[in-house]
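Chain by chain, the residues:
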Amino acid sequence: IYEVEGGYVQHVWWAPAVAGFAFSISAVRSWRHFPLILPGGLLLGLSIPVYAMIPFMLLPWAVMAGLAEIVVAKKRKGVLLRSVVGAIIASCFVLPQIAGGLESAGPRLFEGPANANTLMIGLDAFTLKGWFDMGLGGYDLVRSPGVLVWSCLLFSVLSLRRGIRFVPPLLGGLIMLGISLGPSMDGGSGTAGFGEFLPYSLLMEHVEIARGCMRPIRYGVAAIMLFSINLPLVLTSFSDRFVGFKSMYRILAGALIVLALIIQVRPSAQNASLSWPPFPEEPRIEGSGLETGEVWLDLPVIGRGENRFAQWAFNPAPRMNPPHDLGRWRDKVARSNYFLLKSLMAIERGETPDERWIRSLERGSIGVDRLSRVTIHRRATSRAIEEDWVELIILSGGERIVANQRLLVYQF
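Residues numbered from 1 in each chain as written. Predicted model: local features only at pLDDT ≥ 70, side-chain atom pairs only at ≥ 80, totals over all residues. Heavy atoms only, no water.

Considerations on the overall build of the chain
Here is step 1: Of regular secondary structure, the chain possesses 18 helices and four strands.
Here is step 2: Split into buried and exposed, the 412 residues of the chain put 45% on the buried side.
Here is step 3: Of the roughly 21,000 Å² that the chain leaves accessible, carbon and sulfur atoms contribute 62%. (Helix = DSSP H or I, 4+ residues; strand = E, 2+ residues; numbered from the N terminus. Buried < 20%, exposed > 50% of the residue type's maximum accessible area, 1.4 Å probe, protein only. Areas by Shrake-Rupley, 256 points an atom, 1.4 Å probe, with all protein chains shown as cover.)

Details of the pairing of strand β2 (residues 371-377)
Here is step 1: The element β2 is extensively covered by neighbouring structure, given that seven of its seven residues are classed as buried.
Here is step 2: Pairing between strand β1 (residues 295-299) and β2: five bridges, direction parallel. Its bridge partner lying in β2, leucine 299 is registered against isoleucine 376.
Here is step 3: Relative to strand β4 (residues 407-411), β2 runs antiparallel, the two sharing five bridges. Paired with isoleucine 376 across the strands is leucine 408, a residue of β4. (Pairing = 2+ DSSP bridges.)

Digging into the packing of helix α2 (residues 15-27) against helix α3 (residues 37-50)
Angle between the axes and distance between the axes: these two values describe a pair of packed helices.
Here is step 1: Following both chains from N to C, one finds α2 and α3 inclined at 150 degrees, their axes separated by 7 Å at the closest point. In this view, α2 runs roughly antiparallel relative to α3, as classed from their interaxial angle. The handedness of the crossing between α2 and α3 comes out as left-handed. Contacts from Pro16, Ala17, Ala19, Gly20, Phe21, Phe23, Ser24 and Ala27 in α2 reach Ile37, Pro39, Gly40, Gly41, Leu43, Leu44, Leu46 and Ser47 in α3.
Here is step 2: A per-class count over the contact of α2 with α3 returns 11 nonpolar, five polar and no charged. (Axes fitted to C-alpha atoms, helices over the stretch in contact; angles between N-to-C directions. Parallel < 35°, antiparallel > 145°, perpendicular 65-115°, else oblique. Left-handed = near helix turned anticlockwise from the far one by under 90°. Contact = heavy atoms within 4.5 Å. Nonpolar A, V, L, I, M, F, W, Y, C, P; charged D, E, K, R; others polar.)

Here's the deal with the packing of aromatic side chains
Pairs of aromatic rings are described using the distance from one ring centre to the other and the angle between the two planes.
Here is step 1: One pass over the structure, following the stated rule, counts two aromatic pairs.
Here is step 2: With centroids separated by 6.2 Å and ring planes inclined at 80 degrees, the aromatic side chains of phenylalanine 21 and tryptophan 61 adopt a geometry described as edge-to-face. Of this pair, phenylalanine 21 sits in helix α2 while tryptophan 61 sits in helix α4 (residues 53-72), and the two are 40 residues apart along the sequence. Of the two residues, phenylalanine 21 and tryptophan 61, both sit in the buried class.
Here is step 3: For the pair tryptophan 31 and phenylalanine 34, a centre-to-centre distance of 5.3 Å together with 65 degrees between the ring planes defines the contact as edge-to-face.
Here is step 4: Under the relative-accessibility criterion, tryptophan 31 is labelled partly exposed at 48%.
Here is step 5: Residue phenylalanine 34 is classed as buried on the basis of its relative accessible area, which comes to 12%.
Here is step 6: Here the guanidinium or amino end of arginine 82 rests over the ring plane of tryptophan 31, the centre of that ring lying 5.2 Å away. (Phe/Tyr/Trp six-rings, centres within 6.5 Å; stacked < 30°, edge-to-face > 60°. Lys NZ or Arg CZ within 6 Å of the ring centre and 35° of its normal.)

Structural notes on the sheet that holds β1
Here is step 1: An order of β1-β2-β4-β3 is seen for the four strands of this open sheet, with the pairing classed as mixed. At either end of the open sheet lies a strand with only one pairing partner, and these are β1 and β3 (399-403). Mean inter-strand twist for the sheet, computed between neighbouring axes without regard to direction, equals 20 degrees.

Here's the deal with the side chain of serine 372
Here is step 1: Position of serine 372 relative to the elements: it lies in strand β2.
Here is step 2: Using a relative accessible area of 8% as the deciding quantity, one classes serine 372 as buried.
Here is step 3: Of the polar contacts made by the side chain of serine 372, one reaches the side chain of glutamate 294; its length is 3.0 Å.
Here is step 4: A distance of 3.5 Å separates the side chain of serine 372 from the side chain of tryptophan 296, its partner in a polar contact. (Polar contact = N/O pair within 3.5 Å; in protein donor to acceptor, adjacent residues only side chain to side chain.)

Brief notes about the pattern of salt bridges
Pairing of side chains with opposite charge becomes possible as their charged atoms draw close.
Here is step 1: Evaluated as defined, the whole model comprises seven salt bridges.
Here is step 2: Residues arginine 359 and glutamate 355 are paired through a salt bridge, measuring 4.0 Å at the closest nitrogen-oxygen approach. Of this pair, arginine 359 and glutamate 355 both sit in helix α17 (residues 355-362), four residues apart, roughly one helical turn.
Here is step 3: For glutamate 355, a relative accessible area of 59% puts it in the exposed group.
Here is step 4: For arginine 378, the salt bridge identified is with glutamate 386, shortest N-O distance 3.0 Å.
Here is step 5: On the accessibility criterion, arginine 378 (25% relative accessible area) is partly exposed. (Salt bridge = Lys/Arg side-chain N within 4 Å of Asp/Glu carboxyl O.)

Overview of the pairing of β1
Here is step 1: Most of β1 is tucked away, with five of its five residues classed as buried.
Here is step 2: Along β1, one buried face is formed by Val295, Leu297 and Leu299 and the opposite face, lined by Trp296 and Asp298, is buried too.

Following this line, the structure appears as structure tokens:
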């Protein structure tokens, strides 16, 4: 619901992998269920070119769920046989996708040691408070409402005697939750909190494919998916054991869904609706950069939020802001003479720009020939940083063309 309202639906990408593993696990229960391995293998094969890291993150759940089927089976030889045959069939769908390389993860693979300088740059991570807090405000709860996590844990403890089938998604979710805390326990991007032995750091150091996804928050999304699988299973077990009325779990699940929707938190930047234009107080800036070939820049250089994407859609142009591959973008900037961009980024980090860059800006050399417009998103930064940015932009020859409570736009 949150993503539909925001205008993007990235979590749909998870559907093939979740369904593929679910069909494959169900297929081993009996020969009557075994034909489910065909859609399961097909969906798993489809999930790899979508984003290869998704089945990797869901794999612990799938393995534990498969082992659970063996444990509860009355005829274990049949389950083992179906597991082997099913794995061979699924491999026929998956191996052709792997043989050519994991293209959907490959561009994100990073090199070098798994240390603070590598892992702490520009990453978003969950915090323990963000996972378990039941408060009604703040950005951290957008994708992990506390009601979901607490409900899973509470009903799992109450129904543990029948937990063989619901424990795999619960444990898988807890594993992903631990990894989502990133290389520090505070969710920050500073190197002071780097933990060499935290699950995320160990994973990046010892599991090569894990380097295809440096963002701890993605593992948190996997945890949300697994907790969402766990909740109806554990509610069913709870109602069967304690309530005695087997349809009661529907009432419990419905009540929890309503509660989750009531306390579902929106980020501070969330628009009330998808009305267009997204910023009524801002006139549309004439002259699309797509038509003129001009290059624009948004500040903060590295940011997040629906308003930022809506602004790009409202005024489309080539941006100097980083693309999806942040590592390569940083390397390109480091080797360039983008004096204005480097100076603005230094201010964003709370540092003083290099004197050589300032001298170049004073001489009229900003380092990017076609950079013609800089937009400051005022609500995304502090007043002090904004003032330093404005001073630097004016020093470089920028002229203000838009000013309101949301934006400052300068043109060269």
